[in-house]
Amino acid sequence: MDNARGLMLLLGGVGVGMLTAGAVMTVRGMRGKEEIHDELIRQKITFPGRGLPDGLDRYAGRRVENGTHARVFSEVIGGNVRKATDGHSCSENSADLHAASGKGEELAELRQTAFMGRPCGPL
């Protein structure tokens with residue numbers, strides 16, 4: 001009988017601990033989403049009004065306000081960088097520039113484009 005009572009107390013304690021941990025994690029998750037939202041609003045990032053890839057027209061002109069928007073925006077930037085650099089990453093462009101002994105304005109511009117996520121030159 002004592003073993004059964006001890007087991008019940010143990011299981012009850014574990015259950016209470018799990019319920020408490022679940023509640024704490026839920027509150028922390030909600031606060032994290034709120035912090036991400038607040039930071040994105042402060043940054044005032046906006047999707048372009050036109051020229052988005054197919055299927056993303058619903059984001060045109062909208063502000064980036066949450067993690068999903070930020071992920072989509074980063075995919076748009078990544079696609080633009082891949083297009084501008086013929087699919088090469090910043091490190092690949094840097095290696096090509098290094099192999100050319102640092103000479104090659106086009107390679108330097110491609111590296112800058114891949115690094116910054118936008119073409120070189122004035123905005």
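Just so it is clear, the structure is predicted and the values come from calculations on it, not from any experiment.

Participant: Describe the packing of aromatic side chains, with residues and values.
Facilitator: Summed over all chains, the structure comprises 2 aromatic pairs. Between Phe47 and Phe73 the ring centres are 5.2 Å apart and the planes differ by 75°, which places this aromatic pair in the edge-to-face class. Of this pair, Phe47 sits in the loop between helix H1 (2-43) and helix H2 (67-84) while Phe73 sits in helix H2; the two residues are 26 residues apart in sequence, bridging distant segments of the chain. With a relative accessible area of 3%, Phe47 lands in the buried category. Chaining the aromatic ring pairs together yields one cluster made of Phe47, Tyr59 and Phe73.

Participant: I'd like a description of a nonpolar patch on the surface, backed by residues and values.
Facilitator: A cluster of nonpolar side chains, namely Leu7, Met8, Leu10, Leu11, Val14 and Met18, defines an oily patch on the protein surface of about 640 Å² accessible area. Assignment of secondary structure puts Met8 in helix H1.

Participant: Any details on H1? Residues and values, ideally.
Facilitator: For the α-helix, the turn length of 3.6 residues means that residues three or four positions removed from each other point alike. Over its 42 residues, H1 extends 61 Å from the first C-alpha to the last, a length consistent with the 62 Å expected when each residue adds 1.5 Å. Lys44, located one to two residues past H1, shows a positive phi value of around 55°.

Participant: Run through H2, naming residues and quoting values.
Facilitator: The end-to-end C-alpha separation of H2 is 26 Å, in line with the 26 Å expected for 18 residues at 1.5 Å each. Those residues of H2 that sit buried are His69, Val72, Phe73, Val76, Gly78 and Val81. One side-chain oxygen at the N-terminal end of H2 lies 3.0 Å from the backbone nitrogen of Thr68; it belongs to Asn66. Positive backbone phi, at 55°, marks Asp86, one or two positions downstream of H2.

What counts and how
Residues numbered from 1 in each chain as written. Predicted model: local features only at pLDDT ≥ 70, side-chain atom pairs only at ≥ 80, totals over all residues. Heavy atoms only, no water. Phe/Tyr/Trp six-rings, centres within 6.5 Å; stacked < 30°, edge-to-face > 60°. Helix = DSSP H or I, 4+ residues; strand = E, 2+ residues; numbered from the N terminus. Buried < 20%, exposed > 50% of the residue type's maximum accessible area, 1.4 Å probe, protein only. Patch = residues over 30% accessible without salt bridge, like charges linked within 9 Å, V, L, I, M, F, W, Y side chains within 5 Å. Areas by Shrake-Rupley, 256 points an atom, 1.4 Å probe, with all protein chains shown as cover. Salt bridge = Lys/Arg side-chain N within 4 Å of Asp/Glu carboxyl O. Expected span 1.5 Å × (residues − 1). Polar contact = N/O pair within 3.5 Å; in protein donor to acceptor, adjacent residues only side chain to side chain.

Purely geometric stuff here, so don't read any function into it on its own.
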